[in-house]
Protein chains: 2
Amino acid sequence: MSNDSSSQIVTGLRDWIVKAPPGSRLPSTRALVAEHSASPVTVQKALRILAAQGLIDSRPGVGTFVRALRTAQPSDYGWQSAALRSPQFPARPVSTAMRSAPNDVIAFHSGYPDRELLPERLVRAALARASRGDAALSRPPAAGVPELQSWFAHELRTATPAGFAPPTPSDVVVVPGSQSGLSSVFRALAGGSQPVLMESPTYWGAILAASHAGADVVPVPSGPDGPDPVELARAFEETGARLFYAQPNYANPTGAQWSHQRGEEVLEIVRRHGAFLIEDDWAHDFGISTSAVPLAAREDSGHVIYLRSLTKSVSPAIRVAAVIVRGPARDRILTDRGAESMYVSGVMQAAALDTVTQPGWQTHLRALRHQLQSRRDLLAASLRQHAPQVHVAHVPHGGLNLWARLPDGTEVDRFVRECESAGVIIAAGSEWFPAEPAGPFVRLNYAGPNPGAFEEGARVLGSILGDRPNAR
Amino acid sequence: MSNDSSSQIVTGLRDWIVKAPPGSRLPSTRALVAEHSASPVTVQKALRILAAQGLIDSRPGVGTFVRALRTAQPSDYGWQSAALRSPQFPARPVSTAMRSAPNDVIAFHSGYPDRELLPERLVRAALARASRGDAALSRPPAAGVPELQSWFAHELRTATPAGFAPPTPSDVVVVPGSQSGLSSVFRALAGGSQPVLMESPTYWGAILAASHAGADVVPVPSGPDGPDPVELARAFEETGARLFYAQPNYANPTGAQWSHQRGEEVLEIVRRHGAFLIEDDWAHDFGISTSAVPLAAREDSGHVIYLRSLTKSVSPAIRVAAVIVRGPARDRILTDRGAESMYVSGVMQAAALDTVTQPGWQTHLRALRHQLQSRRDLLAASLRQHAPQVHVAHVPHGGLNLWARLPDGTEVDRFVRECESAGVIIAAGSEWFPAEPAGPFVRLNYAGPNPGAFEEGARVLGSILGDRPNAR
């Protein structure tokens, strides 16, 4: 946002302003420069921010004064209850994965990689170049910047075996993050209470997007090898669904990676039911001991709708993802994007493309693989040693999470609260289940800040579980 | 996007590659440097882009070669017709306002101001600063960056008369452009076929967003003074609607600005029906002979949902707008934003805030006012002189458009096509009507490129209309 020194001055002055009577004169710029050892430019910037916040008035040539706040009466918005009616979908609480956490806790909850895992130098250079280029002032086409469409198509093409038609750039719809992509896919293809099959457990954001689109979410049990083909076929038959949402590589939360064989079985079932597989390749850049091979690469008859995001691997500030989809389904999805937001900022697209086409990007991905491996192994070993009651059945070959089962009978929500009181934030597994959770699960993310504290975090989990009698 | 010289090399080489047999070796980097008088860095960048597009393979130490393209069979996606079913909403064609146009036409159609009307220097500097700041690598809160929320609240607060409670920063939800804001408002408050009253004519993007949200759009006639209060009250009573979408300042397309009196009448009707006014203040920064005074500033009981966008006045690349809404409606809208896209890029928010808090922003707005005035007056005068058949009943006090009526009986679509054949792009008025157009209208935008051609453009319109017998 603002550079750090002006933020500090803002914080300091805000405390002073709140206590001062309205009309009080602020110290002069010169005095503030001296007090904060900052440049006049920095002090002026802080004052502009405070003025924008309505806290002070600057009178040129006279001075800067604390603003008199209007006294407002408390408002009654009760009338809105009738106008708003009941919500169309049950509200889900905001996911734990989206919470910010103070610096002094041990954070196993986040859905985003820590800054040390991001290509900081590449991102900053890419944004700086974008600020000088044409993208800073122009409006790109609705489906995306052609060069970025080409890049996404090329990425999938490199995985396409001989004999399959690779996707073309025009099959690519650039979207502002994969959540927006999911929302559009579900709105465009499952609006009006149509059934959508989903692995259970699965990504909470996909459950949320499908519910908000008005779809009827139907859970299909899925484990470390992916969904059970028999259950999947049965669900298609029972519901008449035309959509199956899944994560064949490093599923969030379980870390599952489907075998080639399982992928073929699922594709066969999807084809047989004239349906779409929505393949969410969210962890494409997060392979550790294997690499992610998209199923979409070996299906060229339009049955796979493929999502690939750059937000998590490039930067949370670069909201860029792609939906790759062939046939009329593409038009249906593009129409929804047009109604929702018309186009994606060209600066975002330029910065994303710049980052991933630098030679440094491949270097970064190789280093990232090693960092994730160390972190995953450290957390898994720490749990084995200090919290053996936290059972990780499957150490994943990629992704950012361990999916762990607590002893039978553990009250997960209470456990999560107790961990937080002890300074460790974890996410209850229930968030990843479309319906009731299948057991007392938690998700532990190993991509957060300060891996040096993983061992201590594991110790806390172990001691809290040790304190409670096993309720079985 | 890419800098211009590498784009030129890409274009040149692509033509060469398409004609060359697969496996052909490209000229060496040194040869390309000489041929294009470009730096080795620029040539390397061009080669990376071509590699990303799948057109060439680089073999380090050996050379760069034209890639063998896989031969693909034509695919049949006919099976999707059954899976997709009929669309939920009738497809509207993409608006003329979103079309890009070649440089050699006279463009009266665009919805976006020409680059010469944008604060280019401020935007580039703001993006450059954002690339160095914390925003480039962090994830902001779901409702927006607090400083930007404060700025939006402050803007509305400066227009708030004594005795009214001003909005607070927490009433502000930052969204990635006003189209996204509209989509969320309609989805959150009018999903499930609920009626939404709209001025007729009105902004096509709002009609689109409401239709896609599943709302039932009910037109209320509106002219240069705003909607007829009697018709508005009747529409509320007939439909039981709880939502009225309107543009009280410089409405798109008519340019109407409501009087204080008319605003009070509308607010009174809205309150009496326990309803929301969705105030789209899209042209807040485009006042010419008056300024935009938001109705939202004089309503503090939660009946006005206020939208303010920065995309059009700052840059089409800065997708930032705000929805200011009090009471539980805010939570409903924020929940929809969470499901749709989780949060807005911090880089976009930082760059927007930086731009509008620079001293140069106010200077820019003053200059913009004069530029818009000249352009508006030039177009209006050119029409009077060279195309008197194009009747502009109301020259607006702000905004970007003239709304003009053609002679009765004119076939508008045919006229638009004939203009385009003669090198002038205009938009048929029908795009701005929720139902059938009330007459043969066109919208002429005076914020496009090259105002020097306005007179010639008017001459073309006049001569085409002169050629046809008046069909009355």
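Position numbers for residues count from 1 along each chain, tracking the sequence in the order it is written. Chain labels run from A onward and ligand labels from 1 onward, assigned in the order the entries are written. Predicted model: local features are reported for residues with pLDDT of at least 70 only, side-chain atom pairs are reported and counted for 80 or more only, and whole-chain, interface and lining totals are derived from all residues. With hydrogens and water stripped out, all remaining heavy atoms of the structure feed into the side-chain values.

Enquirer: Describe the packing of helix α6 (residues 146–157) of chain A against helix α3 (residues 40–52) of chain B, with residues and values.
Expert: To describe two helices that pack against each other, one gives the angle between their axes and the distance between the axes. Running from amino to carboxyl end, α6 of chain A crosses α3 of chain B at an angle of 55°, the nearest separation of the two axes being 8 Å. If you check the angle between α6 of chain A and α3 of chain B, you find them oblique. Two secondary-structure elements touch here, α6 of chain A through Glu-147, Ser-150, Trp-151 and His-154 of chain A and α3 of chain B through Ile-49, Ala-51 and Ala-52 of chain B. Three residue categories are used. Nonpolar comprises Ala, Val, Leu, Ile, Met, Phe, Trp, Tyr, Cys and Pro, charged comprises Asp, Glu, Lys and Arg, and polar comprises the others, including Gly. Tallied by class, the residues present in the contact of α6 of chain A with α3 of chain B amount to 4 nonpolar, 2 polar and 1 charged. Note on definitions: angles span 0 to 180 degrees between N-to-C directions of axes, and those axes are lines fitted to C-alpha atoms, for helices only across the stretch in contact. Secondary structure elements are defined from DSSP: runs of H or I of at least 4 residues count as helices, runs of E of at least 2 residues count as strands, and each element is numbered from the N terminus. For classification purposes, angles smaller than 35 degrees are called roughly parallel, those larger than 145 roughly antiparallel, those between 65 and 115 roughly perpendicular, and all remaining angles oblique. Residue contacts follow a heavy-atom distance rule, with two residues in contact if any of their heavy atoms lie within 4.5 Å.

Enquirer: Residue-level account of the relation of the copies chain A and chain B, with values.
Expert: When the copies are superposed, the least-squares fit draws on C-alpha atoms of residues that have pLDDT of at least 70 in both. Expressed as a screw operation, the relation of chain A to chain B combines 0.0 Å of axial shift with a rotation of 180°, fitting to an RMSD of 0.1 Å. The transformation just described matches what one would write down for a two-fold rotation axis. Of the C-alpha atoms belonging to chain A, the one lying closest to the rotation axis is found on Ala-128 of chain A, 2.5 Å away. A share of 100% of the interface residues of chain A reappears at the interface of chain B, consistent with the copies meeting face to face through the same patch.

Enquirer: A description of the interface of chain A and chain B should follow, citing residues and the corresponding values.
Expert: With 103 residues of chain A in contact, the opposing surface of chain B contributes 103 residues. Once two parts are joined, some of their accessible surface, as seen by a 1.4 Å probe, is lost; buried area is that loss totalled over both. When chain A packs against chain B, the two sides together hide about 9,000 Å² of surface, and 56% of this comes from carbon and sulfur. For salt bridges, the criterion is a side-chain nitrogen of Lys or Arg within 4 Å of an Asp or Glu carboxyl oxygen. At the boundary of chain A and chain B, one finds 6 salt bridges. For Arg-187 of chain B, the salt bridge goes to Glu-340 of chain A, with nearest N and O atoms at 2.9 Å. Between N or O atoms, a polar contact is any pair within 3.5 Å; within protein, one atom must be a potential hydrogen donor and the other a potential acceptor, and residues adjacent in sequence are included only when both atoms are from side chains. At the boundary of chain A and chain B, one finds 46 residue pairs in polar contact (both at pLDDT 80 or more). Elements that contribute at least two residues to the side of chain A that touches chain B include exactly α3 (40–52), α4 (80–84), α5 (120–132), α6, α7 (178–190), α8 (204–212), α12 (328–341) and α13 (346–357) of chain A.

Enquirer: Quick rundown of the confidence of the model for chain A? Include the residues and the values.
Expert: Low pLDDT marks regions whose predicted coordinates should not be analysed in detail. As a per-residue measure, pLDDT tells how confident the predictor is, with possible values from 0 to 100. When pLDDT is averaged across chain A, the result is 92; 96% of the residues are at 70 or more. Quick note on the complex model: pTM equals 0.86, ipTM equals 0.85.

Enquirer: I'd like a rundown of the sheet that holds strand β11 (residues 321–324) of chain A, residues and numbers included.
Expert: All names here are of chain A. With respect to topology, 8 strands assemble into an open sheet ordered β4-β11-β10-β9-β8-β5-β6-β7, the strand pairing being mixed. This sheet does not close on itself; its edge strands, each paired only once, are β4 (172–175) and β7 (226–227). Any two strands with at least two DSSP bridges between them are considered paired. In this sheet, strand β9 (residues 276–280) lies alongside strand β8 (residues 243–246) in parallel orientation, the contact comprising 4 bridges. Bridge pairing links Phe-244 to Leu-277 in β9.

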